[in-house]
Structures are given as structure tokens and as C-alpha cells.
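Chain by chain, the residues:
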2 protein chains.
Amino acid sequence: MIKHALSVTRQADFAAWYQDVIAEADLAEESGVRGCMVIKPWGYGIWERIQTIMDAGIKDMGVQNCYFPLFIPLSFFEKEADHVDGFAKEMAVVTHHRLIGDGKGKLIPDPDAKLEEPLIVRPTSETVIGAAMSRWVQSWRDLPLRVNQWANVVRWEMRTRMFLRTAEFLWQEGHSAHDSKEDALAETMRALELYRTVAEEALALPVIAGEKPENERFPGAAATYSIEAMMQDGKALQAGTSHYLGTGFAEAANIRFQDKDGGHSLCHTVSWGFSTRTIGAVIMTHGDDDGLRCPPRIAPHQIVIVPMLRDNDEDAAILDYCASLEKELKALDAFREPVRVLLDTNANKAQTKRWGWVKKGAPIILEIGPRDVAGGNVAVIRRDRLYKDDGKLNTAFVGKDEFVAAAVATLGEIQDNLYAEAKERLYANIRRDVTDLAVHYAGDDKFAGWVEVQWSRPTGAVLDGIVEQLKALKLTMRNTPLDAAPADGACFFTGEPAVERVLIGRTY
Amino acid sequence: MIKHALSVTRQADFAAWYQDVIAEADLAEESGVRGCMVIKPWGYGIWERIQTIMDAGIKDMGVQNCYFPLFIPLSFFEKEADHVDGFAKEMAVVTHHRLIGDGKGKLIPDPDAKLEEPLIVRPTSETVIGAAMSRWVQSWRDLPLRVNQWANVVRWEMRTRMFLRTAEFLWQEGHSAHDSKEDALAETMRALELYRTVAEEALALPVIAGEKPENERFPGAAATYSIEAMMQDGKALQAGTSHYLGTGFAEAANIRFQDKDGGHSLCHTVSWGFSTRTIGAVIMTHGDDDGLRCPPRIAPHQIVIVPMLRDNDEDAAILDYCASLEKELKALDAFREPVRVLLDTNANKAQTKRWGWVKKGAPIILEIGPRDVAGGNVAVIRRDRLYKDDGKLNTAFVGKDEFVAAAVATLGEIQDNLYAEAKERLYANIRRDVTDLAVHYAGDDKFAGWVEVQWSRPTGAVLDGIVEQLKALKLTMRNTPLDAAPADGACFFTGEPAVERVLIGRTY
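Thresholds applied
- Residues numbered from 1 in each chain as written.
- Chains lettered and ligands numbered in written order.
- Predicted model: local features only at pLDDT ≥ 70, side-chain atom pairs only at ≥ 80, totals over all residues.
- Heavy atoms only, no water.
- Least-squares fit on C-alpha atoms with pLDDT ≥ 70 in both.
- Contact = heavy atoms within 4.5 Å.
- Pairing = 2+ DSSP bridges.
- Helix = DSSP H or I, 4+ residues; strand = E, 2+ residues; numbered from the N terminus.
- Axes fitted to C-alpha atoms, helices over the stretch in contact; angles between N-to-C directions.
- Domains from an automatic or database assignment.
- Buried area = accessible area lost by both parts, 1.4 Å probe.
- Salt bridge = Lys/Arg side-chain N within 4 Å of Asp/Glu carboxyl O.
- Polar contact = N/O pair within 3.5 Å; in protein donor to acceptor, adjacent residues only side chain to side chain.
- Buried < 20%, exposed > 50% of the residue type's maximum accessible area, 1.4 Å probe, protein only.

**Observations regarding the relation of the copies chain A and chain B**
At step 1: For the pair chain A and chain B, the relating rotation is 180°, the translation along its axis is 0.0 Å, and the fit reaches an RMSD of 0.0 Å. The superposition operator between the copies reduces to a two-fold rotation axis. Among all residues of chain A, the one whose C-alpha sits closest to the rotation axis is Val94 of chain A, at a distance of 2.1 Å.
At step 2: Counting the interface residues of chain A, we find that 100% of their copies in chain B are interface residues as well, pointing to one common contact surface.

**Re the sheet that holds strand S5 (residues 93-96) of chain A**
Sheet strands pair by backbone hydrogen bonding; their relative direction is either parallel or antiparallel.
At step 1: The antiparallel open sheet is built from 6 strands, whose spatial order is S4(A)-S8(A)-S5(A)-S5(B)-S8(B)-S4(B). Strand pairing shows two members of the sheet lacking a second neighbour, strand S4 (71-73) of chain A together with strand S4 (71-73) of chain B, which therefore form its edges. On average, adjacent strands in this sheet sit at an angle of 45° to one another, irrespective of strand direction.
At step 2: With 3 bridges joining them, S4 of chain A and strand S8 (residues 114-121) of chain A adopt antiparallel strand pairing. Paired with Pro73 of chain A across the two strands is Leu119 of chain A, which belongs to S8 of chain A.

**Notes on the domain arrangement of chain A**
Residues and elements named next belong to chain A.
At step 1: Here chain A is partitioned into domain 1 (14-286), domain 2 (301-416) and domain 3 (430-505).
At step 2: The centre of domain 1, based on its C-alpha atoms, is set 28 Å off from the matching centre of domain 3.
At step 3: Each side of the interface is counted separately: domain 1 has 22 residues, and domain 3 has 18 residues.
At step 4: A buried area of about 1,500 Å², summed over both sides, lies between domain 1 and domain 3, and 58% of it is on carbon and sulfur atoms.

**Topic: the interface of chain A and chain B**
At step 1: Each side of the interface is counted separately: chain A has 58 residues, and chain B has 58 residues.
At step 2: Buried surface at the junction of chain A and chain B, summed over both partners, amounts to about 5,100 Å²; 66% is from carbon and sulfur atoms.
At step 3: Looking only at chain A, the three residues that lose the most surface to chain B are Tyr67, His97 and Leu99 of chain A, adding up to 13% of its buried area.
At step 4: Our count for the chain A to chain B interface comes out at 6 salt bridges.
At step 5: Measuring nitrogen to oxygen at the nearest pair gives 3.0 Å for the salt bridge that ties Lys59 of chain B to Glu48 of chain A.
At step 6: At the boundary of chain A with chain B, the tally comes to 33 residue pairs in polar contact (both at pLDDT 80 or more).
At step 7: In terms of strand pairing, S5 of chain A meets strand S5 (residues 93-96) of chain B through 3 bridges, oriented antiparallel.

**Some points on the sheet that holds strand S21 (residues 364-368) of chain A**
Residues and elements named next belong to chain A.
At step 1: Read from one edge of the open sheet, 5 strands run S20-S17-S21-S22-S23, paired in mixed fashion. Both outer strands of the open sheet, strand S20 (341-343) and strand S23 (395-399), are each paired with one neighbouring strand and no more. Between one strand axis and the next, the sheet turns through 25° on average, direction left out of account.
At step 2: Here strand S22 (residues 377-382) pairs with S23 via 5 bridges, running antiparallel. In the sheet register, Asn377 faces S23, and the bridge partner there is Gly399.
At step 3: Across the sheet, helix H10 (residues 350-360) is in contact with strand S17 (303-307), S20, S21 and S22; its angle to S17 comes to roughly 170°.
At step 4: Along the sheet, helix H12 (residues 400-428) contacts S17, S21, S22 and S23; its crossing angle with S22, the most-contacted strand, is approximately 5°.

**Re unusual backbone geometry**
All names here are of chain A.
At step 1: Note the cis peptide between Leu143 and Pro144, where omega equals -5°.
At step 2: Counting through the fold element by element, Pro144 comes out in the loop between helix H5 (126-136) and strand S9 (145-154).
At step 3: Although it is not a glycine, Phe163 adopts a positive phi angle of roughly 70°.
At step 4: Turning to its location among the elements, Phe163 is positioned in the loop between S9 and strand S10 (168-178).
At step 5: Taking relative accessible area as the criterion, Phe163 reaches 2% and is therefore assigned buried.

Structure, rendered in C-alpha cells:
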């Protein structure tokens, strides 16, 4: 039996394993500030990679980056009733702008510096961006108006989990105003497609894109679309959302335009967001019992060179050899960017360093000892094929030139392997032949994947009843997949004619 | 007389001109949230360019990016007395985590959701990063520990000015812990040198690097260094600071390490920051009466192509010609990056577009009409040479191939020209022969530049007296330049033997 690098396996306790990966891969840690985490260099490096790729996609869409205030006056928020209902219970509220000594050696908010109007720390920026849009949009010539910001947002969650649900998180939020529903819906779908592409191609996360049912919409939205990824425990993780907001936010913020005929109309607005929570999805999709396996496209270092130094006079030759290898590799391009190579000269032992990089999930680890230098070889450990069938570490000894010549292709292969593995798992765990949810989820079977059923898209009380019924099995509706087969029978829930298919599963 | 594009000149009212540039160049605007601005695409694009260049320098230093919480518990802050004294008067304080209806249709902070301990919105992150460092540093092997974050910070300023002094601003803050004062001071100077290089080479801002006098130190620091830039009105703008914090913050946060002999010592810590305020410096250094002149290295678009369309059948040929020109230019590298070219197909009139780009400060504007297409030419407007001696617009008609061949060199020349012009102004406005400050600053002369004097570096009450004396003339000490000539006489203020030279001036 393999002795794995982590102290807990996925099988034994998935939740504990998740925390262990984060700690052992040095991705993040609790900060001592309630619900807020510190994102450490390896975790932040992954986010920087995601940002770079997403930002290029956003710019390709023709959307322009801006920056809007962190604080939102309460009065901005109150204008959209559904929106404020959705967020009022979890908002950080700034009430004072100065501290003062309490006379007993402690500081307190200065009662003389109380704000006339409390400020909300943004949980999302529709309202404050809407206020700007109402200034910027005058005529049809100003439309579509399309902006994006990279920002921190705060939602005061009662139960937090690193990356997945933290009081503060990082994201990008795109916002746009349009002259018609059609144009706004097209933008909603463009953003969704960007998310699907980045998730699948960069994060190696196969996802199902679809519309959220009415009860799962963003507060105030007319329609919400999502990409849903399946974690290794079968649960769904919503990895990005795109909202068609109708004209409700435009009405609240007074975003109107003069059309070509001189009339005045409300804009149709759109918003879309993708956050650091997707790093949680990467961990729970690609991690194994030895830590994270980081897809090469988002790995801060794609190839790590570990010199096997022994504090003797062979060390200099090893370091020279490693430096020349580093230089050769850095001259290569993978995924249209220079290959990211690290020569790890840290003072720790080579064995410690190897396992450190395994746990972090560096795609390729190269170990160089005196014999490799003498033979012109490298010892290659691929993170996607860590063990041989006999359970021994799968180290391949190949010629240095041979490795360099194949390095870019190998990185591509690792990226593809991680994606293919996750995709196979996703499709193997969606059932379409289910007649009784309780039998599958609560019965002996203990099914933990997703079920796709057809339904009549009920609303109101009927929908509420279905939601309650699912809740009893700890299930939720994820989305109605855009590329599902057409409905052709009776609704799973109501028996009425079905109009589409909906995915059901447990969720993060 | 030239009819300039702005409604107010620098000469007439520098402060009003500054606001006008920001509005006309579409850099930023008031947000409706007290003291907070919206950074618009052109302003944010400049910040993205600064970020990219600075971030590369930070990574070259070997410093790793992380992310730390927005919120700092009051108790973290209270530990360093000088630090809290310096910031307590201008901090946004979060006291509640939920809103509730007041029964009269308004929302109020929910009295049942009051935080046990108020949270500060970070004005700077020494305290919260110190708490992390105390967990991360155990032995000398962990040192130096060097991190950086790109973040928003909040300082509740009573009088705000866009970019220069806003309640919320964006910056990077570097933080490090070291095993000795020497190592910490070396890091302090490395960061200062990075700032000097980026300011001079990318922002085209000539600066004077030096140490701030004791009374101008960062709250809690043992030494503060700055780069100071001179605006066109002669005032100084502190464009970046680097602080040697001694062991005070390490003591407050308990950042200790086991040294090689097994003893335990306090770390010496360092912090350094560079913010969106430098965009204000770019405006006030390079702007003219026609708007901003954006140094090519930080211009979101370096070359803008304006097709002179006339809604007739020649338009298609013009657009083809522009598209092929755009493609040729985009294939070039300037400053080791692809040239940033925009083909402006906006529906506005060509004349409107031209002046829009002049006001924004695009380094090169190309206008293409039917005659240019026929002759294989381009009409070139360089933002650094906007007018001819006779006051007419300085449009050069050159062959397209000729322009393309010289484009990279031209961008370099514009960058150099802006820097050289600012440098000449800086050195022409530093006086070293001053015997009476009042004569120069308050007399008929109305000198508005800087004065360099030698001084004995007094402390305590003597220093306080000098500060008061300067304040009466609205003057402050900027810094003691690192590359000043050695002192060789009596202190300007005390008559005691001088030990160094100090710069005096008015400031933003």
C-alpha cells in the first residue's frame, strides 16, 4: 500500500482532506480575522495565472477595466428591493470614520465621528456601478457600455471555508448596459461562454453551462446562468455566474438612453462574476492523496528543478548543470507564454523539497544528482503519474536533450490528462434514468453524483414545494443545461409536459 | 494665440486645470461616495500599465505576491502605539455585519449584529501582515521573508482630491522580515531604487530619492525614505515611500526567530508602498493646456489610428488601409512589448476623436483620409510636439512605410522628451544659494520651487521649531537627498556644523 504524503485521504474524510491540501500545498491559511484568509504565494500565484488568462479574454470581448468604490451608501442599495433582501443579512457596515481612546487604554469608534449614512462594504457592485452608468449613458450611441473590475468583495457568511466561502473574496465583476433585451442576453451568454472556456481550457474543469432555476437566481436578476463543476465527492460547485438583470437595476439607478427616434428607454443590464472560489474547485477536482495537482496552465511554476546537493565538491557542477537546464527550458513557450521554471535552491533537503513540490502540485519535478550530470540525464517526476503500478514512485530517467525537446508537449499532455480524467468522472456520475431520488441518494446505493430529469419549469408554490422536497434529501437544482437533449415526456415532479431538463445534486 | 483644448490653463488656475485634465482626459470622476472616485478606463489603463511594470520589478527582486485581509481587528492595531496614533483619526470602522428594516421603510445596522470587536478597514497592512509573519517565521532559515500585495486601502481624509488624496486608493505594499538591521536596510534601499527606476523610466518622472526627516516618518518607522517629484507648479509630490521599521512592529506582532546559535531575536521589518496617487504626479508633470501627455510606456494605447470617414464609398478603402496599418504596427515591439495600437472606429466625427485623443494624451495620433490612402501616406500628430512655432497644429505627412519603420524609435523619443523636459524643470527649480526663505518664497520673487540647504539634523524641540518656522511659509522638508553633495559648513537653521543637505518645498 502506498504511503501518501497527506495525513488524511479523500476516502476517509473529504472535508478534512480539503483542509489538509490547502495547508500542505501552502495555498492559504486562516488569518485570525473572522472568516478572512491569507492567500499565500502558491495560492495567490494560481489566482494571478487565472487573472491573466481571464483578463485577456475580457479584453478580447472588448470590455474595459475600471475601478469603482469599495463603499456603497445604504441609499444606493435600498433602491432595488430584491437585491437588498438578498444581501442585507450578510453585509459589513461601516458606521464610524475615527477611533478614540476610551480612557481605559482601549480604542473605540469615536461617537463624534459617526457617519450620517452608514456605508456598506460592497458584496457586489451593481448598485454603485449603476449609479456611474446613469451618468455615462445618455444616448443609444453610448451603448452598449461594458466595464469590468477586479476587486475584493465582502459577504458576512456565518460558516466559512477557505476559498469556497469566505467573508472577503477576490473576483472580477463585469457589468454592462444595453439598448435591448436581445443585446443584453447575448452579452450574458458571451460572459458565460468565456467562463466555460477559461474553466475548461485553463483550470481543466469540465463544466455544465445552463440557466439557474428561478429560486436560485441572483437577487434582483431576471435570469441567472452558471457553469457547474463536479467535485470528487460528487458535489456541485458553481464556478461562475452570468446574470441578465432585465430593467430592474436600470430603473433603480435611472439608467436611461435616448433612442434613435428621440424616445427615452430604460437600459437592460447584465453582470457576471468569477472568483477565488474556483481555486477551491481546482483543489477538489484535481487534488489527490498526495496534495494538489495543479493544471500546467495555471501552475505558478510548471517545471521545478531540484538539485540533489550533498555539501561536497560535486555541488558546483550540479548547480551549473541545473542552471543551464533552467535556461534552456525558460527559452521555450508553452500555451503561448514562456515556460515557468523554478530552480529550487532552498536550503532544505532534496527529499523534503521533492515532497513539498508534489504536495503543491508542480506539474513536473526534475531531480538532478551527480550521476545525472555525468550521464547528461534528468530524473523526471510527473505529477499526473506519480506512482507506478507497483506503488513505487514513478521516476523516469531520460536524456536531458530528450526531456527539453518534449517538455512543452509533456505540459500539454498533463493539462489534457487532468481535464480528461475530470470529464470522465463528471459524465460517469450523471444519471438520467432515475425514477426515485430517495432510492439513489438515501438508499443503499448512496449515489453522490448528479441526476438529470426533465421538468415543466414550474414557478411559485409548485416550485417551492419541489425545492423543499429536494432539500429533505440535501439536494438542490443546479441548472438547466444549455446543451441537454430536448424534453420529450412528463415532468419528473408535476407529471405535466416537460419543457427542458434540469440537473440535481448536492452542492458547495 | 493658440486656442487650447482645455477651458482653463495651468497659468490661470493650476488646481482647476488639474481637475479639468482629469475630466477631459476621462481619467476618473467623483463617485457619489464621499472621498471615493471611479477610475475610468483610460485612468485605470494607465494604472494597469504601472502595475505590470512594477510587478515585474517586484518579482525580479524575488518578492512573492500574497493577499491579506481587508479588515484588521482593533486589537491588532493597538499593539504599536505610534502606528495607531498616526492612523486612528482617519480610519473606516466596521461595527455591524447585518442590516435590518427600521420599521419605517429604511435599513439600519442591526443592533443584534454588532461585532464584538470593531474591524478597521486597512489603511496599510503592517499589523495584519505582522500577525502572519509571526506564524511563518520560526528560524533564521525562514529569513528574509519577503511578500507584496496589490490592494485597496482606506484613509478617511477630510479634504480629498482625485488621485492625490482619496478615501480609498489602490497600491502595492511590500513587507519583509530580516535577521539584521543591515539586511533590512538593504531591502529598504532596494525598494526605493525600484521606485526610482519605475518612476523615471516608465512614468518619465525625474525624482529625488532621500530620507525623510524624523517628523515626516511613517507612524512607527525607524526611518522613512521617499522619492519626491516636482509638479509644474513647483510643489513636491511624494511618489513612493520605503520604511525601515526597526524592531518595533516585530515586537508588537511577536515576529521572532531562532538564530544559528539557538538564541531568539526580534526581526527587523521593512515596508514600502506605491499608489494610484502617482497618476496625479503624471498629470501634473506631463499635462499641458491641451490635456494629458501620457508617456508611451504607460499609455494604454500608444498609437491611435483615426479614419477620416465621410459616409461615402471611399470609406471602405480607408478602413482597409487603417486595418492593414494597425496590423503592421501591432507586429512591432516597443519597450520589449507589442506596440499598443487602437483603430478608433467610434461613430463620432474625426475632429472630435482627434481632440479626444489629444486630451487623453495618446502619444501618437494617425489620421487617415482618402488622400492618404491614395498617396500611401499617414498624417502624424505627436502629442509631445502638438503645435508648430506659428501655433498651427503640427501634423506631419509621411509615407506609411516610413512611419512604420520609425514608429518604435518615435515612441522612445517621446518617452525621452517627456522625461528630459521634466528633468530640466526639476533641476532649474532647485536653489542652493538661499539665505532667507521668506525672501524667496514670500517676497517679490514668488519662488515656487525647492530649496536645498545644509543642516545639522536636529531632533526634538529644535526640529519642531524648524517645522513650525517652515509651516509659516507653507513649506515642508521633503527629504535629505541620497546623492547630495557632502555638507561643508554651518546648519542653515541652527548654525551648528551641518551633516547633510535637506530639500525644502511646498507639497501636495
